[in-house]
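# Observations on the model geometry
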Amino acid sequence: MTVPSNDERSPVRRVAGSTAGRSAIAIVVFVAVLWLIEAVDSVAGNSLDQWGIHPRESGDAVRGIALAPLLHGGWEHLAANSLPALILGFVGLLAGAGRFLLATAIIWLFSGVGVWITGGANTVVIGLSGVLFGWMTYLAARGLFTRKPLDLIVGVVLMVLYGGMLWGVLPGQPGVSWQAHLWGAVGGVLAAVLLGRRARSESGPGNSHQVGAIAS
């Protein structure tokens, strides 16, 4: 039996209040912040870029690992990262914001520390691409560990659309930190293993009474 909805909100407010709407708003705001940071950096003569990761230099290492993904080497660099960030970020948030944020923290740290250890000497590494590679591998691999059909389908679709980007984990293109790509991708797989197994255990038979309680 169905009954009329008492939701008197406007269609726009209903969409914004949905999981998809909140996910879209969150990732758009995040990307907008990146553009705002780049605008400030441009006005400051690109001086913020020095806040990136300086491999194996102990001074401000923590700051570099924390801030490097938020900084970009110009508008073209940022534009190249923006569309993948919007797509991958939306898909990740839509599938579960809490786990995706935790996965992002793992990827962010793993990529940053990996770059600090293995990055080229006398370089400064900036950009979101390491995190993007991590998001890609996390979303592509998590279905193997959650064993959920939808997660597996999403993983296959993303591999078809973006699988080619994984070649970026190999050395080759000058001025591009393949180390950030590599360690970000490894961090994404690690996050998929840790969080995927956790999700599977939480949805196991022993927790079925909790699901029933929520559904009722």
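Residues numbered from 1 in each chain as written. Predicted model: local features only at pLDDT ≥ 70, side-chain atom pairs only at ≥ 80, totals over all residues. Heavy atoms only, no water.

If you check an unreviewed UniProt entry, the chain appears there as Rhomboid family intramembrane serine protease from Tsukamurella sputi.

Here we come to the overall build of the chain. Along the chain, the regular secondary structure elements total 10 helices and 0 strands. Within the chain, the fraction of its 216 residues that count as buried is 39%. On the chain, roughly 12000 Å² of surface is accessible, and the fraction owed to carbon and sulfur atoms is 69%. (Helix = DSSP H or I, 4+ residues; strand = E, 2+ residues; numbered from the N terminus. Buried < 20%, exposed > 50% of the residue type's maximum accessible area, 1.4 Å probe, protein only. Areas by Shrake-Rupley, 256 points an atom, 1.4 Å probe, with all protein chains shown as cover.)

Looking at where Ser111 falls in the secondary structure, it is placed in helix H5 (residues 97–118). For the pair Ser111 and His181, spaced 70 residues apart in sequence, the C-alpha to C-alpha distance is 7.5 Å. Each residue touching Ser111, except ones within four places of it in the same chain, is listed here: Gly130, Ala180, Trp183 and Gly184. (Contact = heavy atoms within 4.5 Å.)

All right, on to the environment of Leu166 then. By the secondary structure assignment, Leu166 is in the loop between helix H8 (149–162) and helix H9 (178–202). Residues within four places of Leu166 in sequence aside, it is in contact with Phe133, Met136, Thr137 and Met159.

With 22 residues, H5 extends 31 Å from end C-alpha to end C-alpha; this agrees with the ideal 32 Å at 1.5 Å per step. Among all positions of H5, only Phe100, Ala103, Thr104, Ile107, Trp108, Ser111, Gly112, Gly114 and Val115 are buried. Around the axis of H5, the buried residues are gathered within 165 degrees of arc, so they sit on the same side. Opposite the buried face of H5, by more than 90 degrees, sit the exposed residues Gly98 and Leu109. (Expected span 1.5 Å × (residues − 1). Arc of directions from axis to C-beta.)

Using the residue numbers shown here, the UniProt feature "transmembrane region" (unreviewed entry) corresponds to residues 20–37, 85–110, 116–140, 152–170 and 176–195. Strand forms 0% of residues 116–140 and helix 60%; the C-alpha atoms that close the span are 26 Å apart. The annotated region residues 152–170 carries 58% helix and 0% strand content, and the separation between its end C-alpha atoms amounts to 26 Å. (UniProt positions renumbered as here; feature names shortened; annotations may be inferred.)

Moving on to the confidence of the model for the chain. The predicted model of the chain has a mean per-residue pLDDT of 84, with 83% of residues at 70 or higher. Element-level mean pLDDT values for the chain span from 31 in helix H10 (residues 208–215) up to 96 in helix H2 (residues 19–43). Under a pLDDT of 50 for its full length, residues 205–216 has, in the predicted model, 2 contacts with residues more than four places off or in other chains. (pLDDT = per-residue confidence, 0-100.)

This part is about the packing of helix H4 (residues 75–95) against H5. Where H4 contacts H5, the axes come no closer than 6 Å and their chain directions differ by 130 degrees. Considering the angle they form, H4 stands oblique to H5. Contacts between H4 and H5 involve Leu88, Gly89, Gly92 and Leu93 from the former and Ala97, Phe100 and Leu101 from the latter. Grouping the amino acids of the contact of H4 with H5 by side-chain chemistry returns 5 nonpolar, 2 polar and no charged. (Axes fitted to C-alpha atoms, helices over the stretch in contact; angles between N-to-C directions. Parallel < 35°, antiparallel > 145°, perpendicular 65-115°, else oblique. Nonpolar A, V, L, I, M, F, W, Y, C, P; charged D, E, K, R; others polar.)

Our next topic: the packing of aromatic side chains. All chains considered together, the criterion is met by 4 aromatic pairs. These aromatic residues form a ring-pair network of at least three members: Phe100, Trp135 and Tyr138. (Phe/Tyr/Trp six-rings, centres within 6.5 Å; stacked < 30°, edge-to-face > 60°.)

Moving on, we get to the nonpolar core. Ala85, Leu88, Leu128, Trp135, Met136, Tyr138 and Leu158 are the most contacted members of the largest nonpolar core, which has 29 residues in total. Non-local contacts of Met136, meaning those with residues more than four positions away in its chain, are made with Leu88, Leu158, Met159, Tyr162, Gly163, Met165 and Leu166. Counting residues in hydrophobic clusters, the runner-up holds 6 residues, among them Ile53, Ala68, Val125 and Ala180. (Core = buried A, V, L, I, M, F, W, Y, C linked by side-chain atoms within 4.5 Å.)

The grouping of Leu150, Ile153, Val156, Val157, Val160 and Leu161 at the surface amounts to a nonpolar patch, some 620 Å² of accessible area in total. Relative to the helices and strands, Val160 is located in helix H8. (Patch = residues over 30% accessible without salt bridge, like charges linked within 9 Å, V, L, I, M, F, W, Y side chains within 5 Å. Salt bridge = Lys/Arg side-chain N within 4 Å of Asp/Glu carboxyl O.)

With a phi angle near 65 degrees, Arg56 is a residue other than glycine that sits in the positive phi range. Along the chain, the position of Arg56 falls in the loop between H2 and helix H3 (61–67). A positive phi angle, close to 60 degrees, is found at Asn122, a residue other than glycine. Turning to its location among the elements, Asn122 is positioned in the loop between H5 and helix H6 (129–141).

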